[in-house]
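Given next are the chains, with one letter for each unit.
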Amino acid sequence: MAGLLPVDEALARVLAGAQPLPEEWIAVGDCDGRVLTRDLVAGRSQPPDDVSSMDGYAVRAADLPGRLRVIGESAAGRSFAGSVAPGEAVRIFTGAPVPAGADVVVMQEDVGREGDHVVIAGSARPGKFIRRRGLDFSEGLTGLSAGTLMNPRRLALAAAMNHATVPVHRRPRVAILSTGDELVEPGTAPGPGQIVSSNALALAAVVHRAGGQPTLLGISPDRLDETLARVRLARSQGHDILVTSGGASVGEYDLMQQVIATEGATLGFWKIAMRPGKPLMMADLGPMRLLGLPGNPVASFVCAMLFLRPLLLRLAGRGDSADEAEEAVLGADVPANDLRADHLRATLAVRDGRLVATPFPVQDSSMIRVLAEAEALILRPPHAPAAAAGSPCRIIRLDS
Ligand code: AMP
Ligand code: MG
């Protein structure tokens, strides 16, 4: 089979010219999974004052041990306005500002209360049970850097630094179109020869997980006018990507080529040295990149993981998915590979501290059930020699 394009080369073409999308400002509570376009600087110090880390009494260390008069109370949100003079103490609660004059907090378990006095038998070193102003962060500190992928913990930090809105890369908008005269939506009563369309829904879920915003454009019959209408709809809606599934046969390719030519672009059609998969289409329709995946459900999914997901991550500013492959060992013997990179559906287990990837015995690329049970793809390079159970391999997890 001459003219097969290596997977790396195909990926490079899919990513060519793709840049992180422009900035938008969103509510800090919505930024989980988004990537910062700028550094976030602390707008205040945390804690904003020296505060107590215990319930107890704020006193002067030099007064200890001793009997001290309680002159007031400092609680979180209701601090004590005065200051602590020699022989005095202030009742204090966790998180409350330590009053002026006091330099230590004695926890209440070590204090005897006698009316408006306290008796403290031990001594304490200054600073004990006091969290210093700015212990967590000081005003002006860069708490989160541009390029950071936000998660619930970093979201908390952005909020604590007093940011109500944050600047992030816009999410890729992705239109998804199924093509095929035989396809019907799930839940209908398929007629003779009809197939329930599952690819588009799976692709939408992949898009969502990779930080994109999917829009389902439904099913197009294999007709020029119908396909053209949907491609134009996707363009008019301002999507960054249009993903199609199906249309991999020569006649259908001719159709897609006509559609794209009518739109004034050139359709790239490559046969890729991979299994499952092989045909992949690409065209740039103005700012919208069309990615045409094979219709075969497993091939469509694997191509989405290998080509669509990296494109989405790039656009969302989320870095390079090539780093995501992991080392594992084979859980079963595998035969020598031919010239097409293979992506074996496999389960994962940890045995003796090693990650073991076991390929399913049947790797038919039409089997959605096996794909659903799989946890990883074992990456078998072109011409890889036969390998025995226990030998090293590389995998990508399917749940990312
Ligand atoms: P194609 O690439 O259009 O030649 O389709 C190859 C195979 O994938 C055919 O058996 C199709 O019925 C099947 N197929 C195509 N599109 C879908 C889809 N959206 N969902 C499930 N199967 C599909
Ligand atoms: Mg088809």
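Residues numbered from 1 in each chain as written. Chains lettered and ligands numbered in written order. Predicted model: local features only at pLDDT ≥ 70, side-chain atom pairs only at ≥ 80, totals over all residues. Heavy atoms only, no water.

**Student:** How would you sum up the overall build of the protein chain? Please name residues and give values.
**Tutor:** The helix and strand tally for the protein chain stands at 7 helices and 26 strands. The globule rule puts the C-alpha radius of gyration for 400 residues at 21 Å, and the 31 Å found for the protein chain is more than 25% above it. Counting only C-alpha atoms and orienting by the principal axes, one finds that the protein chain spans roughly 95 × 55 × 40 Å. Counting the 400 residues in the protein chain, one finds 47% classified as buried. Within the protein chain, residue pairs in contact and separated by at least 24 positions form 72% of the contacts whose partners lie at least 6 positions apart. Accessible area for the protein chain stands at about 18500 Å²; split by element, carbon and sulfur atoms hold 53% of it. (Helix = DSSP H or I, 4+ residues; strand = E, 2+ residues; numbered from the N terminus. Rg over C-alpha atoms; globule rule 2.2 N^0.38 Å. Buried < 20%, exposed > 50% of the residue type's maximum accessible area, 1.4 Å probe, protein only. Contact = heavy atoms within 4.5 Å. Areas by Shrake-Rupley, 256 points an atom, 1.4 Å probe, with all protein chains shown as cover.)

**Student:** Give me the lowdown on the environment of Asp39, citing residues and values where you can.
**Tutor:** Following the sequence through the fold, Asp39 ends up in the loop between β1 (23-27) and β2 (40-41). Distance in space between the C-alpha atoms of Asp39 and Leu144 is 5.7 Å, their sequence separation being 105 residues. Among residues more than four places away in sequence, those in contact with Asp39 are Thr142, Leu144, Ser145 and Ala146. Side-chain polar atoms of Asp39 contact the backbone nitrogen of Ala146, separated by 2.8 Å. (Polar contact = N/O pair within 3.5 Å; in protein donor to acceptor, adjacent residues only side chain to side chain.)

**Student:** Any chance you could break down the sheet that holds strand β4 (residues 56-59) for me, citing the residues and the numbers?
**Tutor:** Pairing is mixed across the open sheet formed by 6 strands, whose spatial order is β7-β4-β6-β5-β9-β8. Edge positions in the sheet fall to β7 (104-107) and β8 (111-114), since each of these pairs with one other strand and no more. The average undirected angle you get between the axes of adjacent strands in this sheet is 40 degrees. Pairing of β4 with strand β6 (residues 88-92) involves 3 bridges; the strand directions are antiparallel. Residue pairing across strands places Gly56 opposite Ile92, the latter belonging to β6. (Pairing = 2+ DSSP bridges. Axes fitted to C-alpha atoms, helices over the stretch in contact; angles between N-to-C directions.)

**Student:** Tell me what's going on with the site of ligand 1, and back it up with residues and numbers.
**Tutor:** Neighbouring ligand 1 are 16 residues; Glu182, Ser198, Gly247, Gly295 and Asn296 lie closest to it. One nitrogen or oxygen atom from the main chain of Asn199 is found 3.3 Å from a nitrogen atom belonging to ligand 1. With respect to ligand 1, the side chain of Glu252 contributes an N or O atom lying 3.4 Å from an oxygen atom. Starting from 490 Å² of accessible surface for ligand 1 in isolation, the protein chains cover 77%. Class assignment for the residues of the shell around ligand 1 results in 5 nonpolar, 9 polar and 2 charged. (Near = heavy atom within 4 Å. Nonpolar A, V, L, I, M, F, W, Y, C, P; charged D, E, K, R; others polar.)

**Student:** Which residues make up unusual backbone geometry, and what values go with them?
**Tutor:** Cis rather than trans, the peptide bond between Gln46 and Pro47 has omega equal to -10 degrees. Residue placement: Pro47 occurs in the loop between β2 and β3 (51-52). With an omega of -5 degrees, the peptide bond between Arg275 and Pro276 qualifies as cis. One can find Pro276 in the loop between β19 (274-275) and β20 (279-285). Despite not being glycine, Phe129 has its phi angle at roughly 60 degrees, a positive value. Within the secondary structure, Phe129 is located in the loop between β9 (117-120) and β10 (130-131). Under the relative-accessibility criterion, Phe129 is labelled partly exposed at 22%.

**Student:** Summarise the sheet that holds strand β21 (residues 288-293); cite the residues concerned and give the values.
**Tutor:** The 6 strands are arranged β16-β13-β17-β21-β20-β18 in an open sheet whose pairing can be described as mixed. For this open sheet the edge positions go to β16 (213-220) and β18 (268-271), each flanked by a neighbour on one side alone. Pairwise comparison of adjacent strand axes, ignoring direction, gives a mean angle of 20 degrees for this sheet. Direction of pairing for strand β13 (residues 173-179) relative to β16: parallel, over a ladder of 6 bridges. Residue pairing across strands places Arg173 opposite Gln213, the latter belonging to β16. Helix α5 (residues 250-262) contacts β17 (241-245), β18, β20 and β21 of the sheet and is inclined by roughly 10 degrees relative to β20.

**Student:** Explain the pattern of salt bridges residue by residue, including any values.
**Tutor:** Inspection of every chain in the model, using the stated rule, returns 19 salt bridges. Across the pair Asp342 and Arg275 runs a salt bridge whose closest N-O atoms are separated by 3.2 Å. A residue pair is termed long-range when its members are at least 10 positions apart, and Asp342 in strand β23 (residues 341-351) and Arg275 in strand β19 qualify at 67 residues. With its nearest N and O atoms 2.7 Å apart, the salt bridge here joins Glu327 to Arg394. Taken as a pair, Glu327 in strand β22 (residues 326-330) and Arg394 in strand β26 (residues 392-397) lie far apart in primary sequence, 67 residues in all. Judged by relative accessible area, which is 54%, Glu327 ranks as exposed. (Salt bridge = Lys/Arg side-chain N within 4 Å of Asp/Glu carboxyl O.)

**Student:** Provide a residue-level description of helix α2 (residues 152-160), including the pertinent values.
**Tutor:** By the N-cap criterion, in which a side-chain oxygen at the helix start approaches the backbone nitrogen of a residue two or three places on, α2 is capped by Asn151, the distance to Arg153 being 3.1 Å. At the exit of α2 stands Asn162, carrying a positive phi of roughly 80 degrees.

**Student:** Please provide a residue-by-residue account of the packing of aromatic side chains, values included.
**Tutor:** In this description, an aromatic ring pair is defined by two values, namely the gap between the centres and the angle between the planes. Tallying each qualifying case throughout the model produces 1 aromatic pair. Aromatic pair Tyr253 and Phe269: ring centres 4.2 Å apart, planes at 35 degrees, arrangement tilted. Placement of Tyr253 in helix α5 and of Phe269 in strand β18 is noted, with a sequence separation of 16 residues between them. On the accessibility criterion, Phe269 (22% relative accessible area) is partly exposed. Sitting over the face of the ring of Trp270, Arg13 holds its NZ or CZ atom 5.3 Å from the ring centroid. Lying over the aromatic face of Phe129, Lys128 brings its terminal NZ or CZ to 4.8 Å of the ring centre. (Phe/Tyr/Trp six-rings, centres within 6.5 Å; stacked < 30°, edge-to-face > 60°. Lys NZ or Arg CZ within 6 Å of the ring centre and 35° of its normal.)

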